[in-house]
Amino acid sequence: MCGICGTFAPDGRLDRTVAAAMNSRLLHRGPDETYSLDTSTLSMKLGRLSMTGLVDGWQPVEDRSGRFVAMTNGEVFNFEDLRRRFGDVRWANGVDVAVIPELVARHGLEGLELIDGQFATVIHDRAENSLYLARDRFGICPMYYTVLDHRVHFCSELKSLVQCVPQMWRLDIGAVDQYLALGNIVAPRTLVEGVQAVPPGCVVRFSENSQETTRYWRYGEFAAVEDAVAGEDIRDRLQQSVRDRLCADVEIGSYLSGGFDSTALAIEAARVLEKPVKTFSAAFDNAALDEGPFQREVSEAVGSEHRRIQCNPADIASDFEKMVRYCCYPQRETYNVAAMMLSREVQQTGIKGVVSGEGADELFFGYDSYAFDSARKRPREACAENEQAWGRADFSWEVDWNKVALRRDRCLTPTAREAISGNEFWRNRLIPFAEHETRSLSHMQLRSIADVYVQLAGHLLGDHGDAMLMANSVEGRYPFLANSVVSLALQVRDSDKVSDFEGKACLKAAYADIVPQSVLQRAKQGFTAYELSTVVDDSTWKSWRELVATSGIFSLDCLDDLNTNRTPDKWDPRLSLISISMVMDELGLKV
């Protein structure tokens, strides 16, 4: 993983100082070496976290003709297979992402679909003087951009871009509405008006007179086979994916939460490696949060070298604001503090990357919501807002419309509510499917698509994944998101994913005699941490109340109102208001 930044000025009016400033703020993403590409229209830099080609790898890279030149953040795990496709091309460059410009030269943008990996790449077409910004299928690697005065500024991190590009930046009120409703911000939207994220599976092309976004892949092409998919096939594909993601010129470890997904990965990693895998866990003082007994059992079963960090209430109290101001993304729980502490522990042991279990719940229907979908008998209530957002009037994902209205009324100023009118989150389609396509999907399939684009891409792989890992120069790798595993998941019938009110049934059946029974039979427990209000002192709350009150968007007494009138909710909206206010302050956003 690396950090990319730059400025593209197709008319030649190029300011190279912005790229230099952004790069200076990305050193944690690429501490090993820095590369530059400078032309009459493009100034680009990449800070490299070296994982492959330590001796014989470099960037930027070109296709054989020299037309396409690229810099890439990420990994191409099937690079050897892709090189064999090219046949006569000799590869002096040992870095895996060197295949990308050749792919585009031979296959066009559709060639990116052939990549099994994770990437954010910047490709310059010298012949047409155009620029392409592209992300992997699931958006594991971030890429943000803005267009100002005919110049395209792009960067791996939102904060670095906003703080280095001279502009009076404003808050995107629609993004705030989106977060208060969904608990996530969906690409291409960001909290900053005028700054966009390249959507997963997409390429954005810029030339002197045009800007165009093209989707080269989307998740959700379900094609269930008639017979049940064999457990052996599931294990074989997951093991191959783990093998691919452990392949590097540096050592790769494994996160171990004590749940099923991370346990299956640790078991497969132990099989692949010729030495004990290094595993890492977070522990908590609170018995309701701590998964230590399961982590120890799995570690002993696979013979891993296990390290765990202790996350205490004092850590949450002291580091929550620091974490928010670093990643500049709203929060709805406190567990990212533990995630950042955990990646710091990984980095201090000399490990540069870890495999992690994100994606299993979305692909194999592991959340409780899928089980409730499978048991529902009555038809769902339809509304026009749902059809706008999801393409189906009877599907609302996790949106409770009454709570959405209540949060707006309680939290936002009258001016903010007025600004949201006509700009509500549901007015933009949140998944890349049209109405006629969603009609053929089951509710569980539609939920899976929404989970991927709303929750997995923006949050689990974003502020919780990439941001918390790369803060300490650690790369996350996700075996469940391998092309072969995803294609198999799309073939598994709904009834084999959720059976007897149990999610991920086919996965658990495949590992029934391999994963310890205590882990296999335990109820799902999401990664969570302490409630913020229980660990911070009065003076801290006072300063945060003042920050929220001076934001210009939230009501003066909204935190006190939420404290007094607590209602059952999926997350704590107070955290959302506090963290959004922190981001606004850090980035200097105006309302």
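Look a little higher up for the structure.
Notes on the structure in this doc start here.

1. Concerning the nonpolar core
Residues Phe 138, Leu 182, Tyr 219, Phe 320 and Trp 390 are the most contacted members of the largest nonpolar core, which totals 181 residues. Looking at this core, the element that brings in the most residues is helix α17 (residues 443–470), giving 14 residues. Ignoring any residue separated from it by four or fewer positions in sequence, one finds Leu 182 in contact with Arg 332, Trp 390, Trp 397, Val 399, Phe 425, Leu 430, Val 454 and Trp 571. Core analysis: the next-biggest nonpolar cluster, separate from the first, contains 22 residues, Leu 37, Leu 42, Leu 131 and Val 204 among them.

2. Regarding the layout of surface pockets
In this structure, the second largest pocket encloses a volume near 690 Å³. Around the second largest pocket, the lining is made up of 42 residues, and of these Tyr 144, Ile 185, Ala 187, Arg 189 and Ala 197 lie nearest the centre. Put simply, the parts of the chain that give the lining of the second largest pocket at least two residues each are α4 (158–164), α9 (313–327) and α17. Here the element with the most residues in the lining of the second largest pocket is α17; it accounts for 8 residues. A per-class count over the lining of the second largest pocket returns 26 nonpolar, 7 polar and 9 charged.

3. Looking at the sheet that holds strand β1 (residues 2–8)
Across the sheet, which stays open at both edges, the 6 strands sit in the order β2-β3-β1-β9-β8-β10 with antiparallel pairing between neighbours. Both outer strands of the open sheet, β2 (33–38) and β10 (196–197), are each paired with one neighbouring strand and no more. As judged from the 6 bridges shared by β2 and strand β3 (residues 42–48), these two strands associate in the antiparallel manner. Bridging from a neighbouring strand, Asp 38 pairs with Ser 43 of β3.

4. Side note on helix α24 (residues 573–587)
The terminal C-alpha atoms of α24 lie 21 Å apart, and with 15 residues this matches the ideal 21 Å at 1.5 Å per residue to within 8%. Within α24, 13 of the 15 residues are buried, which leaves the element mostly enclosed by the surrounding structure. Just beyond α24, the residue with positive phi is Gly 588, at close to 70°.

5. Some thoughts on the pattern of salt bridges
Taken as a whole and judged by the stated rule, the model has 44 salt bridges. Where Glu 221 meets Arg 218, a salt bridge forms, and the shortest distance between an N and an O atom there is 2.5 Å. Owing to a relative accessible area of 44%, Glu 221 belongs among the partly exposed residues under this scheme. Ionic contacts of the salt-bridge type, sharing partners, join the residues Lys 159, Glu 321, Arg 325, Asp 585 and Glu 586 into one network.

6. Thoughts on the packing of helix α5 (residues 173–182) against α24
Orientation of α5 relative to α24, taken along the N-to-C sense of each, is 155°, at an axis distance of 10 Å. Overall, the two elements α5 and α24 adopt an arrangement that is roughly antiparallel. The element α5 and its partner α24 pack so that their crossing is right-handed. In this structure, α5 contributes Val 176, Tyr 179 and Leu 180 to the contact, and α24 contributes Ser 576, Leu 577 and Ile 580. Across the contact of α5 with α24, the residue classes tally to 5 nonpolar, 1 polar and no charged.

Each value, and the rule that gives it
Residues numbered from 1 in each chain as written. Predicted model: local features only at pLDDT ≥ 70, side-chain atom pairs only at ≥ 80, totals over all residues. Heavy atoms only, no water. Core = buried A, V, L, I, M, F, W, Y, C linked by side-chain atoms within 4.5 Å. Buried < 20%, exposed > 50% of the residue type's maximum accessible area, 1.4 Å probe, protein only. Helix = DSSP H or I, 4+ residues; strand = E, 2+ residues; numbered from the N terminus. Contact = heavy atoms within 4.5 Å. 1 Å grid on protein atoms, 1.4 Å probe; cavity = no way out; pocket = protein on both sides within 12 Å on 5 of 7 lines; lining within 4 Å. Points joined across faces, edges and corners; volume = space filled by probe spheres on them. Nonpolar A, V, L, I, M, F, W, Y, C, P; charged D, E, K, R; others polar. Pairing = 2+ DSSP bridges. Expected span 1.5 Å × (residues − 1). Salt bridge = Lys/Arg side-chain N within 4 Å of Asp/Glu carboxyl O. Axes fitted to C-alpha atoms, helices over the stretch in contact; angles between N-to-C directions. Parallel < 35°, antiparallel > 145°, perpendicular 65-115°, else oblique. Left-handed = near helix turned anticlockwise from the far one by under 90°.

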